[in-house]
Amino acid sequence: MATAQTSGIEVKATVVDEQGNPISGVDVFGPKGTKASTDANGQFQIQLADDDEAVVIEKKGYESELMNISDFTGTITLEKSLFMASEDDEIMMGVSTKDRRDMVGAVSSVNTKDRLTYDNTQFVRDYINGLTVGVRGTDNIRGIGNAVFVIDGVIGRDPNILNMEEVEQITVLKDANAVALYGSQGRNGVIVINTKRGQAYKKEINVNVRSGIQTPLATPKYFGSADYMTLFNEARNNDGLDNVFDPALIQEFRTSSNKIKYPDVDLYSREYMQPFVNFTNIITEFSGGNDKNQYYVNVGWNSNKAWVDINDDINEGSNRFNVRGNIDFRINDWITSSLDGIAIINTNRATRANLFSANTTFKPNDYAPFLPLDLIDTSNPDVVGQLQSANIFNGNLLGSSQQFGANAPVALAIAGGYRNTVFRTTQFNNSINFDLSGITKGLSAKTYLSFDYYDSYNQTIENQFKTYEPTWEGDRIIGLTEFGENVKDQAEGLDTNGSLSRFGVYGLVNYQNNITAKSSINTTFLAFYNATDNNNGAIQTDKDAHLGLQMTYDFQKKIYVDFSGAYVNSIKLPNGNRGAFSPTLGLAYILSEEPFLKNSNFINYLKVKATGGIINSDQGIRSGEDGVSDYFLYNENYSNGGNFTWADGIRNNRQDISQGANPDMTFEERIDLNLGFESYLMNSLWLEFNYFRTELDKQLAFLNALYPSYYNNFRPYDNFNKNLYTGFELGLNFNKTFNDFSVAVGANVLYSQTEASQRSEINEFDYQNTVGKELSTIFGLVDQGFYSEADFDTNGDLVDGLPEPQFGVVQPGDIKYVDQNGDNLIDDNDRVAIGQSSSPWSYGINLNLKYKAFNLFILGQGQTGDDGNKLNSGFNNYYGVNGNDKYSEVVLGRWTPETASTATFPRLSSRDNQNNFRTSTFWLYNDSFFNINRAQLTYEFSDYICNKIGIEDLSLNLQGTNLFQIAENKDIRQLRIGSAPLTRAYTLGLRMSF
């Protein structure tokens, strides 16, 4: 019912369900941002401008209605949605959208609408890690490999450029049936991200402000000068060599107060590295529209300060600016369209020196980076002249030594200028939707066009500068040796880091209609093309093209049959083998619709499902060699070889062959089986479970067992290798409300066992074969502790009966290994499977507690069953101190005759010890952990306060990330060497809606 008012039309109505019962809490949205809700009697009233306007009426669990005022009769009936088939249950899969109820494949989804208030992280990968079922880490689905990301229907976009405020839904497609429409690129699974769009009559302005600090979880602990010098002398003595450092000099380094003459430099100290860094993030959103046009705009700025900030002129750190906008509009009664535009600029300004990297080799006693002027004796005219032409930094000259000269890292950081790295992203989408029901009911079509461009370049100022090595007399500097020149760079240099462009287009035709009163069909035909051009000298453009088909039949919305497949094409394969069809089949049965469960109070919903299929893919067709194209691997590879001369004296180039031809090369195959169920119990507990068995067959490899070694250069690639992945995934969510208190608990577990089921191997000893072993198996030696003095005779030779190491001469304190093959030698033939680098078990748990206006959210995530290696190159010899390496705290446990029974580290050596620093059980560690990824306490202000200050919603939150970890080797896991540290962050946030 509508009543004329001086300011417009006042509309009153009652909303009821199909049985005529009033519905409370129904939201009614007017065209100019007005809003009303129904009371306990289902009644509402709303003020509108005139009687030509319409309103949107919606409530969770019911079908929404868009109604003109002229259609109001005083009573509005909302139709209740089928369970798991409401608008909130829509799963957007990139190229198609389905209700969760209608899904047959293995799919998990996270909606952000209700989460961002109490879980206000801004990183998309954080929302995947620990929250999504079946994902290990941030993108590895079921341990098979890194999934492809699909953002707003575009395959291959980078999720790192998004902020979470832009994201509406994250969906993970896991089995072959779910990924079939993505053709070759869906081999490892697909993670679909859909960003927000404007909605009719829902005018919103949202502001999210976050600011906080980051502190290091751990920093390297290297020895100071005196201890380093003492230990290096010990290492030389162990090698039968004399001391390098005089003990009296070491004592001066240990006791002298003059730390310029006797330096003790730690580039991780507060003199060079800040104890914490600040960051700020501000995001604003604007959205709205009417029934003809809707819009959405997201504008954001993010700033992160740098850990090393010793040059005030550079203002180190990163800044990111982003703008995303989209508009959906109606062209006529049967055509709608959308336009999306994204622009991102990210700048990272830093000194030309990486002090984190420099600190891995910079000895604490090398030199003093700063030479105070008040220590310099100016009685020498030459010194006075040097000072007059010198650049002074906070009362200091820039120190160096003969070894470093003008390349002293701290001096380079202060006086060497800067490097500003700029990353630019531009993205564009356009879709056109056609309602073809005029041709036949249920027919529609869509075209989608996208273009992405990414580029990066450096802006640099490369100053030259002088450094000085002091000459001491007592505690005074009486002379200065100069290195370099003071020359200011007069022009900012520009150089490119490369660019990448992507063009994509697809078209689809969809037909959805009832076949009978009890059955319906939903069919989609897709044609897809994507081209990625790496504009950095790459000869071949990456191209992906396929045709896709999906047909889903349902009977009474309880029995589903889904046939999905793709005909894929690859230019990586020889002519005649470039096309293949990938068929998949899925079945689902909603048992809870049967009479024996229909009225159950315990089982509200239960669906069982089974899928299987084959995905043909070229994603694994790779040369395995750096700098070599992944294309034309089916051809012979020739290159210019050495020179030779005929009798006529003319010099010619020999043509070398490095690879034979295989005209029968074909696609890899993913052969998939998935069995699972979904269930909702007691109106509070959601369960989903999947058992999976996946084979990756026909992977490219050289057949070592087929050709003799002298034929290696002529071997072709063959489709031979096979991997097997088996396991299960389990997810649950429990929600319950008790008056003013509500609790929500979510958990997920993934078990993925991998196996190399087929390889071409010619190892002499079966224990070195990879067939039957886990894919990430680590091969190495088995240690037996350290050689003792009793293992050697008076001549220093190993006693009879001990195997002879082939990795150099050993001494007491070196690592002793097991002779696996009994040949009385220790060599590479004694390498066996000693661990695995990939975890079979991963899990996540989240807890959300709400009491009145307070909300506490906690997310934990962990893994178990994998091993780390202390000799990993990322540790930069921190744990594997050898030869002339810098000494870290780990050598406190070194072997000496006095510590032989308690030592945890081999004897020190000043030479390159080939025996001790090899992959072995000695260097492996348990990498299992459980981590509290983040926790957030949120306070939501009452409607009364919000109304008083004229806003819709207001909340304040305090968040912490990486708060706590349980791990046997936490000190190793949390340490980063040669790069910025892992951090713990504390963030204060404010969210407002208007």
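Residues numbered from 1 in each chain as written. Predicted model: local features only at pLDDT ≥ 70, side-chain atom pairs only at ≥ 80, totals over all residues. Heavy atoms only, no water.

Draft legend 1. Broad picture of the packing of helix H3 (residues 225-238) against helix H4 (residues 247-255). The interhelical angle for the contact between H3 and H4, taken along N-to-C directions, is 155 degrees, at an axis separation of 8 Å. The orientation of H3 relative to H4 falls into the category roughly antiparallel. Within the contact between the two elements, H3 uses Ser-225, Ala-226, Asp-227, Met-229, Thr-230 and Asn-233 and H4 uses Leu-249, Ile-250, Phe-253 and Arg-254. Looking at side-chain class alone, the contact of H3 with H4 contains five nonpolar, three polar and two charged residues. (Axes fitted to C-alpha atoms, helices over the stretch in contact; angles between N-to-C directions. Helix = DSSP H or I, 4+ residues; strand = E, 2+ residues; numbered from the N terminus. Parallel < 35°, antiparallel > 145°, perpendicular 65-115°, else oblique. Contact = heavy atoms within 4.5 Å. Nonpolar A, V, L, I, M, F, W, Y, C, P; charged D, E, K, R; others polar.)

Draft legend 2. Summary view of the pattern of salt bridges. All told, the structure shown has 39 salt bridges when counted by the stated rule. Here Glu-729 and Arg-142 are joined by a salt bridge, their closest N and O atoms 3.0 Å apart. Separated by 587 residues along the polypeptide, Glu-729 in strand E39 (residues 717-738) and Arg-142 in the loop between strand E13 (140-141) and strand E14 (148-151) bring together distant segments of the chain. Like Glu-729, the residue Arg-142 is buried in the burial classification. Within this structure, Arg-101, Glu-593 and Lys-598 form a network of salt bridges that share partners. (Salt bridge = Lys/Arg side-chain N within 4 Å of Asp/Glu carboxyl O. Buried < 20%, exposed > 50% of the residue type's maximum accessible area, 1.4 Å probe, protein only.)

Draft legend 3. Summary view of helix H6 (residues 381-388). Within H6, burial applies to Val-383, Gln-386 and Leu-387. With its buried residues spanning 100 degrees around the axis, H6 presents them on a single face. Exposed and oriented more than 90 degrees from the buried face of H6 are Pro-381, Asp-382 and Gln-388. Contacts made by the buried residues of H6 are with strand E24 (396-398), strand E27 (467-473) and strand E28 (476-483). For H6, the N-terminal capping position is held by Asn-380, with its side-chain oxygen 2.9 Å away from the main-chain nitrogen of Asp-382. (Arc of directions from axis to C-beta. Polar contact = N/O pair within 3.5 Å; in protein donor to acceptor, adjacent residues only side chain to side chain.)

Draft legend 4. Representation of the packing of aromatic side chains. Scanning the model with the defined rule gives 39 aromatic pairs in all. Look at Tyr-939 and Phe-941: their rings are 5.0 Å apart centre to centre, the planes differ by 90 degrees, and that puts the pair in the edge-to-face class. Cluster of aromatic residues (ring-pair linked, three or more members): Phe-677, Phe-689, Phe-728, Tyr-751 and Trp-841. When the ring centre of Tyr-631 is taken as origin, the NZ or CZ atom of Lys-572, which lies over that ring, is 5.7 Å away. Here the guanidinium or amino end of Arg-918 rests over the ring plane of Phe-807, the centre of that ring lying 3.7 Å away. (Phe/Tyr/Trp six-rings, centres within 6.5 Å; stacked < 30°, edge-to-face > 60°. Lys NZ or Arg CZ within 6 Å of the ring centre and 35° of its normal.)

Draft legend 5. Seen up close, H3. With 14 residues, H3 ought to run about 20 Å at 1.5 Å a step, and its terminal C-alpha atoms sit 20 Å apart, in line with that. For H3, the set of buried residues is Ser-225, Ala-226, Tyr-228, Met-229, Leu-231, Phe-232, Asn-233, Glu-234 and Ala-235. Packing partners of the buried residues in H3 comprise H4. (Expected span 1.5 Å × (residues − 1).)

Draft legend 6. Focus on the sheet that holds strand E16 (residues 167-173). Taken in spatial order, the five strands of this open sheet run E11-E16-E17-E14-E15, and their pairing is mixed. Sheet topology places strand E11 (107-111) and strand E15 (154-155) at the edges, where each strand pairs with a single neighbour. Note that E14 and E15 share two bridges and pair antiparallel. Pairing of Ile-151 across the sheet is with Val-154, part of E15. (Pairing = 2+ DSSP bridges.)

Draft legend 7. Seen up close, the sheet that holds strand E6 (residues 54-58). Pairing in this open sheet of four strands is antiparallel, and the strands run E4-E3-E6-E7 from one edge to the other. Each edge of the sheet is formed by a strand with only one pairing partner; in this case those strands are strand E4 (35-37) and strand E7 (65-68). The average angle at which neighbouring strand axes cross in this sheet is 25 degrees, direction not considered. As paired strands, E6 and E7 are joined by four bridges and run antiparallel to one another. Bridge pairing in E7 places Ala-54 opposite Asn-68.

Draft legend 8. Geometry of the nonpolar core. Core analysis: the biggest nonpolar cluster contains 37 residues, and Tyr-878, Tyr-879, Tyr-887, Val-890, Val-891, Phe-905 and Leu-908 have the highest contact counts within it. Tallying contributions element by element places H3 first for this core, with six residues. Not counting residues within four places of it along the chain, the set of residues in contact with Tyr-878 comprises Pro-220, Lys-221, Tyr-222, Ser-888, Glu-889, Val-890, Leu-975 and Ile-977. (Core = buried A, V, L, I, M, F, W, Y, C linked by side-chain atoms within 4.5 Å.)

Draft legend 9. Main features of the environment of Arg-101. Within the secondary structure, Arg-101 is located in the loop between strand E10 (97-99) and E11. You can call Arg-101 buried: its relative accessible area is 1%. Discounting residues that sit within four places of it in the chain, Arg-101 has contacts with Leu-82, Phe-83, Met-84, Ala-85, Lys-557, Tyr-560, Ile-590, Glu-593, Tyr-605 and Lys-607.

Bear in mind that shape data such as this cannot, by itself, settle questions of function.
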